[in-house]
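Notes for the structure review
Residue strings, one per chain:
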Amino acid sequence: MTKVNEGVFFIQGQDEFIPDSHVYVIGDPASNDLSIVDVGLTGKGNYKIQSIKKLGIELEAVKRIIMTHTHLDHIGCLSEIQKVIPNAELWVHRLEAEPLEKGDDRGVYGMNEFKGMCQMQYGLKSDAFKFKVDKKLEGGESLDIGGMNWEVIHIPGHSMGGIALYHSSLKILIPGDVIYADYAIGRYDLHGANADQLKKSLYRLADLEVDILLPGHNQIVKGLPTDYVRKTAKMWESYLV
């Protein structure tokens, strides 16, 4: 785990054949009110838990798990994490929370062919992704958690209920898989994805002042160029129709 800034810690994903998302832990450790943002791929729970412990953070201080979205590489090891931190609440955007509560896993796997492959590879049962969601986000919330304030921004397109977390004074953006740090964006051919919505989400993020970009995969960036998000959006605009 790496300290990115005061109250923001980074656990790098361990990619295999299937990518494993990064995990971020946000909140002042002294607050005893920390949040995990995304958890990662199936089988990566122990790695993520041990990474948190190595920083000296007590697991009891983790009060919630916030999902940027619910694709397998981000939510796959949720049940593993919940076994170790059973009292942590689960916060998900309503559009992806409601399917999770019904056991509708189309938004987890994205496509039927991928579902069959993953169930075989990881021994996943048909009800592996049915979860109780403690807080359904809508976007627009201002979260005062862990001694910090984060804005929730609904950024659909890569998934129906994708969200970003934005800290305005620190200029930190956690956008899930909507935008990466190498002029790439999230795919838009999975269940619940929409190219036009993704374009609009990119331009919405382009209006923010961002100095630190913490995406779901690949490198993180400090000192992000002021026009980076808008330039990326323009590069992809003709494809997002």
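In what follows, the accompanying structure is described. Everything quoted here is computed from the prediction, not taken from an experiment.

A look at empty space enclosed by the protein
- In total, this model carries one cavity of 30 Å³ or more according to the counting rule given.
- Considered as a void within the structure, the largest cavity measures approximately 40 Å³ in volume.
- Around the largest cavity, the lining residues are Thr68, His69, Ile155, His158, Ser159, Gly162, Ile163, Pro175, Gly176, Asp177 and Val178.
- Of the residues assigned to the lining of the largest cavity, the class counts are four nonpolar, six polar and one charged.

Quick notes on the environment of Asp127
- Structurally, the position occupied by Asp127 is in the loop between helix H6 (112-122) and strand E7 (135-137).
- On the basis of relative accessibility, which here comes to 52%, the residue Asp127 falls in the exposed class.
- A C-alpha to C-alpha distance of 25 Å links Asp127 and Asp15, two positions 112 residues apart in sequence.

Some words on the environment of Glu98
- Of note, Glu98 is situated in helix H4 (residues 94-102).
- Overall, Glu98 belongs to the partly exposed group, its relative accessible area being 34%.
- In this structure, the C-alpha to C-alpha distance between Glu98 and Lys136, residues 38 residues apart in sequence, is 8.4 Å.

Considerations on the packing of helix H7 (residues 195-206) against helix H8 (residues 228-236)
- Packing of H7 against H8 brings their axes to within 8 Å, and their N-to-C directions diverge by 160 degrees. Between H7 and H8, the angle falls in the class roughly antiparallel. H7 and H8 meet at a crossing whose hand is left-handed. Of the residues in H8, those touching H7 at Leu202, Tyr203, Leu205 and Ala206 are Val229, Arg230, Ala233 and Lys234.
- Across the contact of H7 with H8, the residue classes break down as six nonpolar, no polar and two charged.

Quick word on the pairing of strand E8 (residues 142-145)
- Burial along E8 is one-sided: the residues Leu143 and Ile145 are buried and none of Ser142 and Asp144 is.
- Pairing geometry for E8 and strand E9 (residues 148-154), over four bridges, is antiparallel. Across the sheet, the residue bridging to Asp144 is Asn149, located in E9.
- Two successive antiparallel strands, E8 and E9, enclose a turn made up of two residues, where Gly146 displays a positive phi of approximately 60 degrees.

Some thoughts on the layout of surface pockets
- Space inside the largest pocket adds up to approximately 400 Å³.
- Taken together, 19 residues line the largest pocket, and the ones lying closest to its centre are Pro19, Asp73, Asp177, Arg187 and Leu190.
- Its residues placed into classes, the lining of the largest pocket shows nine nonpolar, six polar and four charged.
- Here the second largest pocket is characterised by a volume of approximately 170 Å³.

Definitions and cut-offs
Residues numbered from 1 in each chain as written. Predicted model: local features only at pLDDT ≥ 70, side-chain atom pairs only at ≥ 80, totals over all residues. Heavy atoms only, no water. 1 Å grid on protein atoms, 1.4 Å probe; cavity = no way out; pocket = protein on both sides within 12 Å on 5 of 7 lines; lining within 4 Å. Points joined across faces, edges and corners; volume = space filled by probe spheres on them. Nonpolar A, V, L, I, M, F, W, Y, C, P; charged D, E, K, R; others polar. Helix = DSSP H or I, 4+ residues; strand = E, 2+ residues; numbered from the N terminus. Buried < 20%, exposed > 50% of the residue type's maximum accessible area, 1.4 Å probe, protein only. Axes fitted to C-alpha atoms, helices over the stretch in contact; angles between N-to-C directions. Parallel < 35°, antiparallel > 145°, perpendicular 65-115°, else oblique. Left-handed = near helix turned anticlockwise from the far one by under 90°. Contact = heavy atoms within 4.5 Å. Pairing = 2+ DSSP bridges.

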